[in-house]
Amino acid sequence: MSGFTAKEAAVYDRWKTQPPEGTAPIAYDWQEAPLYPGDLCYITEDGYVLEDETKAYMDAVFRKEEINVWEEK
């Protein structure tokens, strides 16, 4: 249990997903999306990657291949 009421949780969700009014972006990520103070990012050769978007970045940059280690040659 988080200890938040439903109303407090809704306010937190809005705060977490929207930048504060009047706040200008301080940088841009690898997809040219704005980044704001407090965003958690990885620094890559392609620029910043938001922590929540690492899977999308990996899928876009690297080839995925299934390996069968039990396959006999």
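Chains are numbered independently. Their residues run from 1 in the order of the written sequence. Per-residue local features of the predicted model are confined to residues with pLDDT of at least 70, and side-chain atom pairs are confined, for both listing and counting, to 80 or more; whole-chain, interface and lining totals are unaffected and use all residues. Hydrogens are left out, water is left out, and the side-chain values use all remaining heavy atoms of the structure.

Caption draft 1: Examining the overall build of the chain more closely. Helix numbers and strand numbers start at the N terminus; a helix is a DSSP run of H or I with at least 4 residues, a strand a run of E with at least 2. For the chain, the helix and strand inventory stands at two helices and four strands. Along the chain, helices and strands appear, N-terminal first, in the series α-β-β-β-β-α. For every residue, the accessible area (1.4 Å probe, protein chains only) is compared with the maximum for its type, and the residue is labelled buried under 20%, exposed over 50%, or partly exposed between those bounds. Here the chain holds 73 residues, and the buried ones make up 11% of them. Taking contacts inside the chain between residues at least 6 apart in sequence as the whole, the part at least 24 apart equals 8%. The contact criterion used is simple: two residues touch if any of their non-hydrogen atoms lie within 4.5 Å.

Caption draft 2: Broad picture of the pairing of strand E4 (residues 47-50). In short, DSSP must find at least two bridges between two strands for them to pair. For strand E3 (residues 41-44) and E4, the ladder comprises four bridges, and the chain directions are antiparallel. Following the sheet pairing, tyrosine 42 is matched in E4 by valine 49.

Caption draft 3: Looking closely at the pattern of salt bridges. Within this document, salt bridges are pairs made up of a side-chain nitrogen of Lys or Arg and a carboxyl oxygen of Asp or Glu, the two lying within 4 Å of each other. Summed over all chains, the structure comprises two salt bridges. The salt bridge partner of lysine 55 is aspartate 59, with a shortest N-O separation of 2.8 Å. One end of the pair is lysine 55 and the other is aspartate 59, both in helix H2 (residues 54-61) and four residues apart, which spans about a single turn. Among the salt bridges present, the one from arginine 63 reaches glutamate 65, with a minimum N-O distance of 3.1 Å. With relative accessibility at 73%, the residue arginine 63 sits in the exposed group.

Caption draft 4: Just unusual backbone geometry, in detail. The residue glutamate 32 is not glycine, and still its phi comes out positive at about 70°. In this fold, glutamate 32 is placed in the loop between strand E1 (27-28) and strand E2 (34-35). Assessed through its relative accessible area of 61%, glutamate 32 is described here as exposed.

Caption draft 5: Spatial organisation of a nonpolar patch on the surface. A contiguous nonpolar surface patch, about 280 Å² in accessible area, is contributed by Met58, Val61 and Phe62. Taking the relative accessible area as the measure of exposure, phenylalanine 62 reaches 48% and is therefore partly exposed. Here a patch means residues that are over 30% exposed by relative accessible area and free of salt bridges, tied together within 9 Å if like-charged and within 5 Å if nonpolar (Val, Leu, Ile, Met, Phe, Trp, Tyr). Note on areas: Shrake-Rupley with a 1.4 Å probe; residue coverage comes only from the protein chains shown.

Caption draft 6: Local environment of the side chain of aspartate 29. Positionally, aspartate 29 belongs in the loop between E1 and E2. By relative accessible area, aspartate 29 is classed as buried at 3%. Think of a polar contact as two N or O atoms within 3.5 Å of one another; within protein, one of them needs to be a possible hydrogen donor and the other a possible acceptor, and neighboring residues in sequence only count if both atoms come from side chains. A distance of 2.9 Å separates a polar side-chain atom of aspartate 29 from the backbone nitrogen of glutamine 31. Setting aside anything within four residues of it in sequence, one finds aspartate 29 in contact with Leu35, Tyr48, Leu50 and Glu53.

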